[in-house]
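Remarks on the overall topology
Spelled out from the first residue to the last, the chains are:
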Amino acid sequence: MSAAYDHRVVARGREHGTWRTLPTALAVALVAGLATACGQPGEGADGTRGSVQRVLDQQAAAVREGDERRFLAAVDSGAEEYRTRQRVVFRNLRKLPLAELSHVVDEVSGVHRTGGPRTGQPRVREGESVTARVRLRYRLSGYDTEPVIANERLTFVRRADRWYLHSEAPGSRSQLWEQGELSVVEGDRSLVLGVGAGRASLKRFTRVADGAVRAVNRSWPRQWPGRMVLEAPRNLRDMARLLDGTPETYQGIAAVTTGTAESDRGAPADRVVVNPEAYGLLGPSGRRSVLTHEAVHVATRAHTTSGTPLWLSEGVADWVGYRGSGRTATAAAPVLTRFVRGADGVGGAAPARLPGDRAFRFGRDPEALGRAYEGGWLACRMIAERWGERRLIDLYLTVGEGERPEIDRALREVLGIGEAEFTERWRAYVEDELG
């Protein structure tokens with residue numbers, strides 16, 4: 001499987017959603033308490049939710065004000081290891097160009113219940129804990145038009161009539177700034193956040209990313225922020241934690257673009273998460289292709305919906321990524337070449353149909369995944385060669401305006417042929433190029 005493969009883990013449409021070392025003023029969005037809790041023993045569940053909300057509001061205000069003491073005062077003094085990690089978190093957050101930061105407590109659970117069956121009121125005793133389901137929202141100034149949104153699960157404990165943040169609960173989404181000391185490097189058109197890498201290494205990322213943005217600007221005609229944010233974790237295991245997956249799922253995957261939208265107002269905040277192990281094996285050309293591919297996903301997000309088949313969205317990303325590389329079809333599509341030629345004892349001809357969305361899933365059949373990406377790229381390459389590059393972009397935009405099965409309508413409108421005829425032409429093209 002090529003190390004260039006990626007997948008937008010969340011948000012196809014709405015299905016899912018060097019900065020200065022001394023940070024400028026933060027515009028931190030503080031969310032008002034969701035209930036009027038008195039903070040006294042015996043408070044109900046709504047009161048508990050309001051109390052833990054204020055703990056998180058205190059931390060957000062401390063980040064805004066640069067007050068580390070106040071930030072740590074919200075953390076349980078008995079959780080020494082967690083307090084140490086939270087100190088690193090505070091310092092990491094202060095390195096970011098934050099335009100917005102907040103936590104919204106949606107629900108608390110695990111409240112100890114006392115009292116008879118008549119009242120059934122939830123009660124909390126001294127030293128007991130609750131788990132809160134929380135939505136993290138943050139936005140980076142100059143890069144995000146919409147906030148990043150992530151679900152977290154946090155444990156709070158009560159000490160002497162006050163609630164304190166105690167730990168992360170199982171199932172909480174990991175953020176890069178929680179994985180170790182963060183380095184932040186800004187390029188002309190990119191921001192790179194890294195853990196376990198020096199500034200010189202991250203600066204090399206910015207040079208490739210800046211070039212990727214320029215390449216996308218030459219190919220994509222619609223307006224987009226023209227910037228990208230890269231996250232470079234320490235290793236594959238930490239990459240999987242960021243993506244809420246397993247290391248095996250992303251083995252050999254050089255980069256993944258993710259994004260989550262909360263509204264239809266515009267493109268959401270995307271993050272390009274780099275696998276340092278796979279990315280490090282690539283040469284200069286491979287790195288350019290990979291990050292250009294990811295930049296295409298960032299640029300086209302606002303025009304990508306559930307009506308956009310993955311063969312088209314991934315194919316366009318590869319088409320832009322490979323432009324100017326001089327790579328032949330057989331060099332860029334080695335897995336599909338072997339299939340068409342029957343070199344592995346299977347195939348012997350072009351696939352019978354265009355790759356479906358299920359074929360693009362990670363962690364299953366690497367050969368099928370390879371054929372899917374390469375088949376999508378060849379479909380888009382064929383359109384650009386035979387109908388023109390403008391028609392390829394028009395097809396993408398037209399498909400993004402509707403819902404399935406609109407691909408057939410879009411093909412007829414833009415190319416003048418339906419899906420069945422297009423598939424037959426694609427099969428012939430694949431055999432001509434690879435057979």
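Below, the structure is looked at part by part. Predicted model only: the values in this text are computed from it and were never measured.

Right, let's talk about the overall build of the chain for a bit. Per the secondary structure count, the chain includes 14 helices and nine strands. Out of the 435 residues belonging to the chain, those deemed buried represent 54%.

Time to look at empty space enclosed by the protein. Over the atoms rolls a probe the size of a water molecule, and its path tells where empty space is left. Estimates place the volume of the largest cavity at around 200 Å³. Forming the walls of the largest cavity are 18 residues, and the residues nearest its centre are Gln-59, Gln-86, Val-89, His-103 and Glu-178. Secondary-structure elements contributing two or more residues to the lining of the largest cavity are α1 (45–65), α3 (80–95), β1 (98–109), β3 (148–159) and β4 (162–168). Partitioning the lining of the largest cavity into residue classes produces 12 nonpolar, three polar and three charged.

Here the focus is the layout of surface pockets. Of the voids in this model, the second largest pocket is the one considered here, and its volume is about 350 Å³. Residue lining of the second largest pocket: 20 residues in total, with Ser-201, Arg-204, Phe-205, Tyr-279 and Arg-287 positioned closest to the centre. Of all the secondary-structure elements, those providing two or more residues to the lining of the second largest pocket are α4 (199–219), α6 (276–279) and α7 (284–300). Broken down by element, the lining of the second largest pocket gets its largest block of residues, five residues, from α4. Broken down by class, the residue content of the lining of the second largest pocket amounts to 11 nonpolar, four polar and five charged.

We now examine the pattern of salt bridges. Overall, the coordinates contain 27 salt bridges when judged by the stated rule. In this structure, Glu-181 engages Lys-95 in a salt bridge whose closest nitrogen and oxygen atoms are separated by 3.9 Å. Linking Glu-181 in the loop between β4 and β5 (182–186) with Lys-95 in helix α3, this pair joins segments that are 86 residues apart in sequence. Taking relative accessible area as the criterion, Lys-95 reaches 25% and is therefore assigned partly exposed. Beyond isolated ion pairs, a larger network of salt bridges with shared partners links Asp-106, Glu-107, Arg-133 and Arg-135.

Buried within helix α13 (residues 406–414) we find Ile-407, Ala-410, Leu-411 and Val-414. One side of α13 carries all its buried residues, which in axial view fall inside an arc of 100°. Summarising the geometry of α13, the exposed residues directed more than 90 degrees from the buried face are Arg-412 and Glu-413. Buried-residue contacts for α13 involve α8 (310–322), α12 (389–399) and α14 (419–434). Just downstream of α13 lies Gly-416, where phi reads positive at about 85°.

Now for α8. Between its terminal C-alpha atoms α8 stretches 18 Å, which fits the 18 Å expected from 13 residues at 1.5 Å a residue. Most of α8 is tucked away: 13 of the 13 residues are buried. Backbone geometry just downstream of α8 places Gly-324 in the positive-phi region, at approximately 80°.

Considering all chains together, one arrives at eight aromatic pairs under this definition. Seen from their ring centres, Phe-71 and Phe-90 are 5.2 Å apart, and the 50° between their planes marks the pair as tilted. Here Phe-71, found in helix α2 (residues 68–73), pairs with Phe-90, found in helix α3; they are 19 residues apart in sequence, far enough to count as distant. For the pair formed by Phe-71 and Phe-90, the shared burial category is buried. Taking 5.1 Å as the distance between ring centres and 70° as the angle between the ring planes, the aromatic pair formed by Phe-360 and Tyr-373 counts as edge-to-face. Separated by 13 residues along the polypeptide, Phe-360 in the loop between α10 (334–341) and α11 (366–386) and Tyr-373 in helix α11 bring together distant segments of the chain. Judged by its relative accessible area of 1%, Tyr-373 is buried.

Side chains of Arg-199, Lys-203, Arg-204 and Arg-207 sit close together on the surface and give a patch of like positive charge. Among the structural elements, Arg-199 can be located in helix α4. The partly exposed category is assigned to Arg-199, whose relative accessible area is 38%.

In this section: the pairing of β1. Looking along a regular strand, one sees side chains alternate from face to face of the sheet. Most of β1 sits inside the fold, with nine of its 12 residues counted as buried. For β1 and strand β2 (residues 129–140), the ladder comprises 10 bridges, and the chain directions are antiparallel. Bridged to Val-105 within β2 is Val-134.

A separate point is the sheet that holds β3. Reading across from one edge, β1-β2-β3-β4 is the order of the four strands in this open sheet, with antiparallel pairing throughout. Among the strands making up the open sheet, the edge pair consists of β1 and β4. Strand-to-strand twist across the sheet, computed as the mean angle between neighbouring axes with direction ignored, equals 40°. Bridge count between β3 and β4: six bridges; the pairing is antiparallel. Within β4, the position partnered with Phe-156 by the bridge is Leu-165. In this fold α3 packs onto β1 and β4, with an angle of close to 85° to the strand it touches most, β4.

Of all hydrophobic cores here, the largest spans 106 residues; its most connected members are Leu-96, Leu-230, Tyr-250, Leu-291, Leu-312, Leu-378 and Phe-422. If you tally residues by element for this core, the top one is α11, at 10 residues. Setting aside chain neighbours within four positions, we find Leu-291 in contact with Phe-205, Val-208, Ala-209, Ala-212, Met-228, Leu-230, Val-272 and Tyr-279. Core analysis: the second largest hydrophobic core is formed by 16 residues, Leu-56, Ala-74, Val-130 and Leu-165 among them.

What counts, and at which threshold
- Residues numbered from 1 in each chain as written.
- Predicted model: local features only at pLDDT ≥ 70, side-chain atom pairs only at ≥ 80, totals over all residues.
- Heavy atoms only, no water.
- Helix = DSSP H or I, 4+ residues; strand = E, 2+ residues; numbered from the N terminus.
- Buried < 20%, exposed > 50% of the residue type's maximum accessible area, 1.4 Å probe, protein only.
- 1 Å grid on protein atoms, 1.4 Å probe; cavity = no way out; pocket = protein on both sides within 12 Å on 5 of 7 lines; lining within 4 Å.
- Points joined across faces, edges and corners; volume = space filled by probe spheres on them.
- Nonpolar A, V, L, I, M, F, W, Y, C, P; charged D, E, K, R; others polar.
- Salt bridge = Lys/Arg side-chain N within 4 Å of Asp/Glu carboxyl O.
- Arc of directions from axis to C-beta.
- Contact = heavy atoms within 4.5 Å.
- Expected span 1.5 Å × (residues − 1).
- Phe/Tyr/Trp six-rings, centres within 6.5 Å; stacked < 30°, edge-to-face > 60°.
- Patch = residues over 30% accessible without salt bridge, like charges linked within 9 Å, V, L, I, M, F, W, Y side chains within 5 Å.
- Areas by Shrake-Rupley, 256 points an atom, 1.4 Å probe, with all protein chains shown as cover.
- Lys, Arg positive; Asp, Glu negative; His and termini not counted.
- Charge placed at Lys NZ, Arg CZ, Asp CG, Glu CD.
- Pairing = 2+ DSSP bridges.
- Axes fitted to C-alpha atoms, helices over the stretch in contact; angles between N-to-C directions.
- Core = buried A, V, L, I, M, F, W, Y, C linked by side-chain atoms within 4.5 Å.

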